[in-house]
Amino acid sequence: MSGETIPQSEPLRADQVQNNAGGFVWTVDDMQRLRRFLCLGSEGGTYYQGEKELGIENAQAILKLIETGRGTEVVDTIKTYSIEGRTSKQNPIMFALALCAKSSDLATKQAAYGSLSEICRIPTHLFMFIKYARALGQKWGRAQRRAVAKWYTEQSPSKLAMAVTKYQNREGYTHRDVLRLSHPSTKDPLLCFLFDYITHGLQKATENLNKPKETTSENQTIDNNQEQQSSSQIHASNTVDEEEEGNTKKLATIEQLKEFLETVEKAKTSTNDDELIAAIRQHNLVREHMPTSMLKSTALWGVLLEKMPLTAMIRNLGKMSEINLLTENSDAEKLIVQRLKNREQLQRARVHPFSILVALGTYKQGHGFKGKLKWDVSENIKKALEEAFYLSFKFVKPTNLRYLLALDVSGSMSCGTINGSPSITPAEGSCAMCMVTLRTEQHAKVVAFSHELIPVEITKDDTLEKVMATTRAISMGGTDCALPMLYALEHKEKFDVFVVYTDNETWFGKTHPTEALQKYRKEMNCPNAKLIVVGMQSNSFTIADPNDKGMLDVVGFDSAAPQVMSLFAEGQI
């Protein structure tokens, strides 16, 4: 029996495995599984697998990598994806890092704890890591105490003062809890005062200024020379840190630090707009420093917006619209639109495309998914958010090749979520990813498929809203990932690259996707035609034949995915 007559419900080769739908595909290697998990997470599960089952599978893949001696490579991958802002959520990053920290492999453990300060850039990340480490059974041994203590002592006093007052508690932890568990020690007088403020409050810390300083027990003291060396390294690496901390005011003396903390404490109970506005302008206070009762003030939000970090700005668009700060053609609206269209700012702030996509989905509906917040939608901001989505991907130059972009709209793609977002299914995420390539490449055509192929009228000028509505209107069915190649062959259309956006749960077709591509290459005299599989779920499956150098599996919503796809299409990787 020839290969092309073997249906997808039967194995084509011995190295294939059965997917959850009953079709036969290949498995991605554990490193690719790790990348999928970091970018897509397991929250919300899939059509075929629950969240817990999917999470366990991904954890097992990481553990297998560590067991085979690739633990430091895992940590390097986690660090790369974190520092380059290639993931939209930190939960998978911190969970994977905690797994490495718990490892019995010394090199992996040391690499994990050695990378803690670079990966956990703000207290929210640190507390999340500690939460996952505890859930995995990790005790507060010397390695964890030392690494967490260094997280605090390697920070500049100015940056740490902003961080601990902005993110006072997250994930069930406070800074007071963590300091008491990690026992940091330092000779920096500003950090000593700040630690005293965290553990005892401002009044007691002020009283203690003239008292002899206490240190932690000898076995928990960090060598000061080593600390100062590490500190200079970390401060150098953090000069391009997240925009979250970009407006921190430099605090060089105890008196300046004390004044900042006094301002923060006073702001907590203030009911005076002018007083709070002065504090914001003088000390760069942020929304988290403001009392909840004052967050209905348009004047206050207007001043906060002037230096608001980009991620915070995007997160608070609904609130600012609700209080009528973002009226049509207002200065505030113009400022937001301008910042959303600035590629450099988006890249520097590590704003992830998926985060913008979620923000767009929430903002355009005029109300949140939770709570009672409602607002009038600004068309200018909605358009700017869509443009920001495309700009937030790493820059991709056109290849001028011929692309067939194929969207899997089968039933399984319309269930589950990406990274737990209630507004984005894998099918909707595929539309968004597809539009990035469609807007970049001059010669690209879009089709949709389930058990049959449906040509769709989608152009690069269409809005994401229209594209998603077009695909939602298509009736669901089984999954046949061979259809894009068979369609091109039947219609004698020449393409250099087939891009299939799918969860890889193919099963319906009479021909395997790899056989369909080989047949297309031969009969259309296109021996170099390539297949790129964009995985939209963090399962272990792929239709890309690992033995075919003309096939590539990439991770959906990796912000570098379009760039990798472009390089592969041109034969550079």
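Up top is the structure these notes are about.
Read on for a plain summary of the structure. (Residues numbered from 1 in each chain as written. Predicted model: local features only at pLDDT ≥ 70, side-chain atom pairs only at ≥ 80, totals over all residues. Heavy atoms only, no water.)

### Topic: the overall build of the chain
Thought 1: For the chain, the helix and strand inventory stands at 27 helices and 11 strands.
Thought 2: Over its C-alpha trace the chain gives a radius of gyration of 26 Å, about what one expects of a compact globule, namely 25 Å for 573 residues.
Thought 3: Dimensions of the chain, computed from C-alpha atoms along their principal axes, come out at roughly 90 × 60 × 40 Å.
Thought 4: Buried residues in the chain amount to 58% of all 573 residues.
Thought 5: A sequence separation of at least 24 residues applies to 74% of the contacts in the chain between residues at least 6 apart.
Thought 6: Surface accessibility of the chain: about 24500 Å² in total, with carbon and sulfur atoms responsible for 48%.
Thought 7: Put simply, the chain has 68 plus and 69 minus side-chain charges, and the middle of one group is 3 Å from the middle of the other. (Helix = DSSP H or I, 4+ residues; strand = E, 2+ residues; numbered from the N terminus. Rg over C-alpha atoms; globule rule 2.2 N^0.38 Å. Buried < 20%, exposed > 50% of the residue type's maximum accessible area, 1.4 Å probe, protein only. Contact = heavy atoms within 4.5 Å. Areas by Shrake-Rupley, 256 points an atom, 1.4 Å probe, with all protein chains shown as cover. Lys, Arg positive; Asp, Glu negative; His and termini not counted. Charge placed at Lys NZ, Arg CZ, Asp CG, Glu CD.)

### A few points about the packing of aromatic side chains
Thought 1: If you walk through the whole model with that rule in mind, you get 13 aromatic pairs.
Thought 2: Here the aromatic rings of Phe-389 and Tyr-390 are separated by 5.2 Å at their centres, their planes lie at 70°, and the arrangement is edge-to-face. Take Phe-389 and Tyr-390: they sit in the same class, and that class is buried.
Thought 3: Taken together through their ring pairs, the aromatic side chains of Phe-37, Phe-95 and Tyr-132 make up a single cluster.
Thought 4: The lysine or arginine in question, Arg-86, covers the ring of Tyr-81, its NZ or CZ lying 4.1 Å from the ring centre.
Thought 5: If you follow Lys-131 out to its NZ or CZ, it ends over the ring of Tyr-132, 4.7 Å from the centre. (Phe/Tyr/Trp six-rings, centres within 6.5 Å; stacked < 30°, edge-to-face > 60°. Lys NZ or Arg CZ within 6 Å of the ring centre and 35° of its normal.)

### With respect to unusual backbone geometry
Thought 1: Unlike most non-glycine residues, His-183 shows phi in positive territory, near 55°.
Thought 2: Looking at His-183, the relative accessible area reads 26%, which means it is partly exposed.
Thought 3: The backbone phi angle of Asn-324 is positive, close to 65°, even though this residue is not glycine.
Thought 4: The residue Asn-324 is located in the loop between α18 (317-322) and α19 (331-340) in this model.

### A word on the pattern of salt bridges
Thought 1: For the coordinates displayed, the defined rule picks out 24 salt bridges.
Thought 2: With its nearest N and O atoms 2.9 Å apart, the salt bridge here joins Lys-258 to Glu-262. Here Glu-262 and Lys-258 lie together in helix α14 (residues 254-267), a separation of four residues that amounts to about one turn.
Thought 3: Since its relative accessible area comes to 16%, Lys-258 is described here as buried.
Thought 4: The partly exposed category is assigned to Glu-262, whose relative accessible area is 36%. (Salt bridge = Lys/Arg side-chain N within 4 Å of Asp/Glu carboxyl O.)

### A short note on the sheet that holds strand β11 (residues 551-555)
Thought 1: If you trace the six strands from one edge of the open sheet to the other, you get β7-β6-β5-β8-β9-β11, paired in mixed fashion. Strand pairing shows two members of the sheet lacking a second neighbour, β7 (453-455) and β11, which therefore form its edges. Strand-to-strand twist across the sheet, computed as the mean angle between neighbouring axes with direction ignored, equals 25°.
Thought 2: Note: strand β8 (residues 497-502) against strand β9 (residues 530-535), six bridges, orientation parallel. (Pairing = 2+ DSSP bridges. Axes fitted to C-alpha atoms, helices over the stretch in contact; angles between N-to-C directions.)

### Here we look at the nonpolar core
Here is a general trend for soluble globular proteins: nonpolar side chains tend to be buried in one another's company.
Thought 1: Counting residues in each nonpolar core, the largest one holds 144 residues, and the members touching the most others are Phe-129, Tyr-152, Met-320, Phe-389 and Phe-557.
Thought 2: In terms of residue count, the dominant contributor to this core is helix α4 (residues 91-101) (nine residues).
Thought 3: Leu-404, Phe-449, Phe-498 and Tyr-520 belong to the second largest nonpolar core, which has 28 residues in total. (Core = buried A, V, L, I, M, F, W, Y, C linked by side-chain atoms within 4.5 Å.)

### Points about the packing of α4 against helix α7 (residues 123-135)
Thought 1: Two elements in contact, α4 and α7, have axes whose closest approach is 8 Å; the angle formed by their N-to-C orientations is 50°. Looking at the two axes, α4 sits oblique to α7. The element α4 and its partner α7 pack so that their crossing is right-handed. Residues Asn-91, Met-94, Phe-95, Leu-97, Ala-98 and Ala-101 of α4 form the contact with α7, whose participating residues are His-125, Met-128, Phe-129, Tyr-132 and Ala-133.
Thought 2: For the contact of α4 with α7, a count of residues per class yields nine nonpolar, two polar and no charged. (Parallel < 35°, antiparallel > 145°, perpendicular 65-115°, else oblique. Left-handed = near helix turned anticlockwise from the far one by under 90°. Nonpolar A, V, L, I, M, F, W, Y, C, P; charged D, E, K, R; others polar.)

### A look at α14
Thought 1: In this model α14 runs 20 Å from its N-terminal to its C-terminal C-alpha over 14 residues, within 8% of the 20 Å that 1.5 Å per residue would give.
Thought 2: If you check which residues of α14 are buried, you get Leu-257, Lys-258, Phe-260, Leu-261, Thr-263, Val-264 and Ala-267.
Thought 3: Here the buried face of α14 lies against α9 (157-166), α11 (189-200), α12 (202-207) and α15 (273-283). (Expected span 1.5 Å × (residues − 1).)

### So, the state of the cysteines
Thought 1: Applying the stated rule across the entire model yields zero disulfides.
Thought 2: In this model Cys-39 remains outside any disulfide bridge; the closest cysteine sulfur is found in Cys-100, 16 Å from its own.
Thought 3: Free cysteine: Cys-120, not disulfide-bonded; nearest cysteine sulfur from Cys-100 at 12 Å. (Disulfide = S-S within 2.5 Å.)

### Looking at the sheet that holds strand β10 (residues 541-542)
Thought 1: Spatial ordering of the open sheet is given by β1-β2-β10, a layout of three strands whose pairing is antiparallel. Strands with a single pairing partner mark the edges of an open sheet, and in this sheet they are β1 (17-18) and β10.
Thought 2: As paired elements, strand β2 (residues 24-27) and β10 share two bridges and run antiparallel to each other. Its bridge partner lying in β10, Trp-26 is registered against Thr-542.

### Regarding the pairing of β8
Thought 1: Within β8, six of the six residues are buried, which leaves it mostly tucked inside the rest of the structure.
Thought 2: Both faces of β8 are covered, namely the face carrying Val-497, Val-499 and Tyr-501 and the face carrying Phe-498, Val-500 and Thr-502.
Thought 3: Where strand β5 (residues 402-408) and β8 come together, five bridges link them in parallel fashion. The partner of Tyr-403 across the bridge, within β8, is Val-497.

### Considering the environment of Pro-309
Thought 1: Looking at the element boundaries, Pro-309 is found in the loop between α16 (298-306) and α17 (310-315).
Thought 2: Overall, the relative accessible area of 4% leaves Pro-309 in the buried class.
Thought 3: The spatial distance from the C-alpha of Pro-309 to the C-alpha of Gln-282 is 17 Å, given a sequence separation of 27 residues.

### Considerations on the side chain of Thr-186
Thought 1: As for its placement among the helices and strands, Thr-186 is situated in the loop between α10 (175-182) and α11.
Thought 2: On the accessibility criterion, Thr-186 (10% relative accessible area) is buried.
Thought 3: In terms of polar contacts, Thr-186 uses its side chain to reach the backbone amide nitrogen of Asp-188, at 3.1 Å. (Polar contact = N/O pair within 3.5 Å; in protein donor to acceptor, adjacent residues only side chain to side chain.)

### Observations concerning the pairing of β5
Thought 1: Burial within β5 is extensive, with six of its seven residues counted as buried.
Thought 2: After leaving β5, the chain enters helix α23 (residues 426-440) and then returns to the sheet as strand β6 (residues 443-449), a path that is right-handed. (Right-handed = clockwise from strand over helix to strand, strands pointing away.)

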